Structure formats: structure tokens, C-alpha cells
Amino acid sequence: MHKVLVIHGPNLNRLGQRDPLQYGAGTLKELERSLLELAVELGVTLETFQSNHEGKLIDIIQTTDAHGIVINPGALTHYSYSLRDAVADYPGPVVEAHLSNIHAREPFRQQSVIAGAAKGQISGLGFNSYLLALRAVVALLAEEL
Ligand code: DQA
């Protein structure tokens, strides 16, 4: 059975309280419950990880035994070359997810330094960005995408 790791970067532990107009009213726990339900439906194992620390995100990418990754790098999206290098070095499919539409926001958010190392990016669809990213990773693992 395939295993998918979902990674949430800095400040995403504050989902539900932090800027709900951008990120919605749902909490990280609620998001992870939806992801888990979908994982069961898709027949994959799910592991989740949140950290506010760049190095911890890199460590888990380097050491995970998951076959594919969904990642929302938070603000690290826009400037972390070391996270990008870790994504580029990871052997399985990686799909980047954002709750808000980063392309419709402040100029500094419109660039992702991660996207070029990922298979693709889903942005602007709230929780559905993560759910669609999970579907994409599972399809890539099954070689259906
Ligand atoms: C985010 C967008 C980033 O610009 C921001 O720093 C976040 C969340 C999103 O999911 O929309 O922390 O990645």
C-alpha cells in the first residue's frame, strides 16, 4: 500500500484562527480529518507533519519512507532554496498545495521557489487544494497521471 506524507509549514498550526478571510475557518485538525477520510477512500496510508522550522521540514523530507508528498510550505514557498533542494532531491512525486490563491495576492507571494522542483501546484481552493493534491499524488503513484 502506498504511503503519502502531508507536510504543513510555518503558521499552519494556526489554521482556523489565522486570517480566516484568506485561509478559511477550518482548523488543521479538521483539514487532517478530511485528508484521512480521502486517504481511506483512495486506499493509501497517510502521515501528517507540521512544523514552524525550516530544518525540520527538510529533515522529514530526507528521512520519510512515504512514497509521495503533499506540501504546503507556508511562507517558505517564496524564499526557501534549501527546502526546494530537499524537494528536488526527494525521489517520489511532490505536489505543492496552497489554501489561498498565491498568484492573486501580494507580489512577494506570487513566486514559488518550490514549484519548479514539484510535479505541480494547486492553489486557491481552500481545503480542496490539499484534497486535490492528495488525489494527484495517489494518481501519480499509480501512474495514472
Ligand atoms: C499559504 C500562502 C503563503 O503565502 C502563506 O505564507 C501561508 C499559507 C497558503 O496556503 O495559502 O502561510 O501557503
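Look up: the structure comes first, before these words.
Residues numbered from 1 in each chain as written. Predicted model: local features only at pLDDT ≥ 70, side-chain atom pairs only at ≥ 80, totals over all residues. Heavy atoms only, no water.

Engineer: Sorry, what's going on with the overall build of the chain here?
Structural biologist: Along the chain, the regular secondary structure elements total 5 helices and 5 strands. Each helix (α) and strand (β) of the chain, taken in turn from the N terminus, gives the series β-α-α-β-α-β-α-β-β-α. In terms of overall dimensions, the chain has C-alpha extents of about 40 × 30 × 25 Å along its principal axes. The buried share of the chain, taken over its 145 residues, is 48%. Taking as baseline every contact in the chain between residues at least 6 positions apart, the subset at least 24 positions apart corresponds to 74%. Within the chain, the 15 negative side-chain charges are centred at a point lying 6 Å from the centre of the 11 positive side-chain charges. (Helix = DSSP H or I, 4+ residues; strand = E, 2+ residues; numbered from the N terminus. Buried < 20%, exposed > 50% of the residue type's maximum accessible area, 1.4 Å probe, protein only. Contact = heavy atoms within 4.5 Å. Lys, Arg positive; Asp, Glu negative; His and termini not counted. Charge placed at Lys NZ, Arg CZ, Asp CG, Glu CD.)

Engineer: Where do I start with helix α3 (residues 54-63) in this structure?
Structural biologist: Two residues of an α-helix separated by three or four positions point the same way, owing to the 3.6 residues in each turn. Those residues of α3 that sit buried are Leu57, Ile58, Ile60 and Ile61. For α3, the buried positions fall inside an angular range of 165 degrees around the axis, keeping them on one side. Turned more than 90 degrees from where α3 packs its buried face, Gln62 and Thr63 sit exposed. Of the surrounding elements, those touching the buried residues of α3 are β1 (3-8), β2 (45-50), β3 (68-72) and α4 (81-89). (Arc of directions from axis to C-beta.)

Engineer: For this particular structure, what's the right way to read the pattern of salt bridges?
Structural biologist: Side chains bearing opposite charge may pair, as long as their charged atoms lie close to each other. Inspection of every chain in the model, using the stated rule, returns 5 salt bridges. A salt bridge links Lys3 to Glu47; its shortest N-O distance comes to 2.8 Å. Of this pair, Lys3 sits in strand β1 while Glu47 is found in strand β2, placing the two residues 44 residues apart along the sequence. With a closest N to O distance of 2.9 Å, Glu106 and Arg109 form a salt bridge. When its relative accessible area of 15% is taken as the criterion, Arg109 is described as buried. By sharing partners, the salt bridges in this structure join Lys3, Glu47 and Asp65 into a single network. (Salt bridge = Lys/Arg side-chain N within 4 Å of Asp/Glu carboxyl O.)

Engineer: Hey, could you run me through the environment of Lys56 in this one?
Structural biologist: One can find Lys56 in helix α3. Among all residues touching Lys56, those that are not within four sequence positions of it are Phe49 and Ser51.

Engineer: Explanation requested: the nonpolar core in the structure shown.
Structural biologist: Considering soluble globular proteins, one finds that nonpolar side chains tend to be buried as a cluster. Counting 26 residues, the largest nonpolar core has Val4, Leu35, Val70, Tyr130 and Leu134 as its most contacted members. Secondary-structure elements contributing two or more residues to this core are β1, α2 (28-42), β4 (94-98) and α5 (127-141). Per-element tally for this core: the top contributor is α5, with 9 residues. The next biggest cluster of nonpolar side chains, apart from the first, holds 19 residues, and it includes Ile58, Ile71, Val87 and Ala117. (Core = buried A, V, L, I, M, F, W, Y, C linked by side-chain atoms within 4.5 Å.)

Engineer: For this particular structure, what's the right way to read the site of the ligand?
Structural biologist: In the vicinity of the ligand, the contacting residues are Arg18, Tyr23, Asn72, Gly74, Ala75, His78, His98, Leu99, Ser100, Ile102 and Arg109. His98 places a side-chain nitrogen or oxygen 2.8 Å from an oxygen atom of the ligand. Leu99 has a polar backbone atom sitting 2.8 Å from an oxygen atom of the ligand. Expressed as a share of its isolated accessible area of 320 Å², the protein-covered part of the ligand is 99%. (Near = heavy atom within 4 Å. Polar contact = N/O pair within 3.5 Å; in protein donor to acceptor, adjacent residues only side chain to side chain. Areas by Shrake-Rupley, 256 points an atom, 1.4 Å probe, with all protein chains shown as cover.)

Engineer: Mind showing me how you'd approach the packing of α3 against α4 here?
Structural biologist: Relative placement of two packed helices is described by the angle separating their axes and the distance separating the axes. Following both chains from N to C, one finds α3 and α4 inclined at 5 degrees, their axes separated by 9 Å at the closest point. The orientation of α3 with respect to α4, classified from their angle, is roughly parallel. For the pair formed by α3 and α4, the contact residues are Glu54, Leu57, Ile58 and Ile61 on the first element and Ser82, Leu83, Ala86 and Val87 on the second. (Axes fitted to C-alpha atoms, helices over the stretch in contact; angles between N-to-C directions. Parallel < 35°, antiparallel > 145°, perpendicular 65-115°, else oblique.)

No statement about biological role is implied by the geometric values presented.
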